[in-house]
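# Analysis of the macromolecular model
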Amino acid sequence: MFFGKTLISCFVGFFAVSAANAAVMNFEGTNGNPDPWVENDFIFSPVKSSNDTKCWDGRCLQEITQGEITTMTYDAPVADTVLDSFNLDFFYFSLLGNTQEGDNVLTVIGTFANASTISATFFLDDLLGTVATGATSSVAKLHGGETNNTQIKKQSGYWVDLDDGWNGLMSVSWTANTLANGEIVYGENGSVRLDCVGANES
């Protein structure tokens with residue numbers, strides 16, 4: 001976990017994590033529509049960049065259109081054409097969108113080589129702290145929006161620590177969606193900023 005270790009920036013090194021190609025992707029070099037975006041051999045697509053106040057610092061990624069799914073993969077620096085497995089440790093997000101407060105959700109899905117998945121869904125108004133939404137996560141507010149709120153809100157930024165990590169993944173996808181009558185409606189109205197993704201080779 002990273003809570004309690006450091007929250008100073010996005011970040012220097014990888015907090016003494018001993019792992020192959022441990023990296024934090026901060027997307028600072030993005031500009032316009034850098035699709036795909038490749039950083040430390042991790043690949044993000046489809047994406048475009050943003051430098052608005054919903055980013056952690058400087059630039060971050062946003063979906064090309066609302067409801068678009070941004071997927072992360074890893075290609076180790078060896079001479080082959082095969083994607084490689086990796087571990088996801090943490091990320092920063094900020095939810096936006098055109099629907100009413102309480103209607104937007106962030107869905108994160110990790111896929112393994114055997115096509116099985118692990119997932120977490122973060123709803124507006126979820127309490128901060130340790131939550132179990134498909135996978136145990138710790139959520140902390142970093143900046144923006146109401147300074148004293150204890151729930152996930154639009155226009156605010158949050159860190160998600162995936163506790164022991166999601167290990168041995170072949171891909172991770174992030175998508176912001178709409179909640180209607182208790183059901184998640186994919187591909188409509190959601191918008192998300194993604195920044196400071198921490199991962200390493202598995």
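Residues numbered from 1 in each chain as written. Predicted model: local features only at pLDDT ≥ 70, side-chain atom pairs only at ≥ 80, totals over all residues. Heavy atoms only, no water.

Moving on, we get to unusual backbone geometry. Backbone torsion omega between S45 and P46 reads -10 degrees, so that peptide bond is classified as cis. Along the chain, P46 turns up in the loop between β3 (42-45) and β4 (48-50). Although it is not a glycine, A115 adopts a positive phi angle of roughly 75 degrees. Within the fold, A115 resides in the loop between β8 (104-112) and β9 (117-123). (Helix = DSSP H or I, 4+ residues; strand = E, 2+ residues; numbered from the N terminus.)

We now examine the environment of M170. In this structure, M170 sits in strand β12 (residues 157-180). Judged by its relative accessible area of 24%, M170 falls in the partly exposed class. Remark: the alpha-carbon pair of M170 and M72, spanning 98 residues in sequence, is separated by 8.5 Å. When near neighbours in sequence (up to four residues on either side) are disregarded, M170 contacts M72, T73, L83, D84, S85, F86, T111, F112 and A113. (Buried < 20%, exposed > 50% of the residue type's maximum accessible area, 1.4 Å probe, protein only. Contact = heavy atoms within 4.5 Å.)

What follows concerns empty space enclosed by the protein. In total, this model carries one cavity of 30 Å³ or more according to the counting rule given. In this model, the largest cavity occupies a volume close to 30 Å³. Taken together, L61, Q62, E63, T70, W174, V192, R193 and L194 form the lining of the largest cavity. At the level of secondary structure, the elements contributing two or more residues to the lining of the largest cavity comprise β5 (60-62) and β14 (190-201). Sort the elements by how many residues they give to the lining of the largest cavity and β14 lands first, with three residues. Broken down by class, the residue content of the lining of the largest cavity amounts to four nonpolar, two polar and two charged. (1 Å grid on protein atoms, 1.4 Å probe; cavity = no way out; pocket = protein on both sides within 12 Å on 5 of 7 lines; lining within 4 Å. Points joined across faces, edges and corners; volume = space filled by probe spheres on them. Nonpolar A, V, L, I, M, F, W, Y, C, P; charged D, E, K, R; others polar.)

What follows deals with the nonpolar core. Counting residues in each nonpolar core, the largest one holds 35 residues, and the members touching the most others are F44, M72, F91 and W174. Those elements giving two or more residues to this core turn out to be β1 (23-25), β3, β6 (70-74), β7 (86-97), β8, β9, β12 and β14. Here this core gets eight residues from one element, more than from any other, and that element is β12. Among all residues touching W174, those that are not within four sequence positions of it are F44, E68, I69, T70, M72, L88, F91, L106, T107, V108, L194 and V197. Judged by nonpolar contacts, the second largest core, of six residues, contains V24, F90, Y92 and W159. (Core = buried A, V, L, I, M, F, W, Y, C linked by side-chain atoms within 4.5 Å.)

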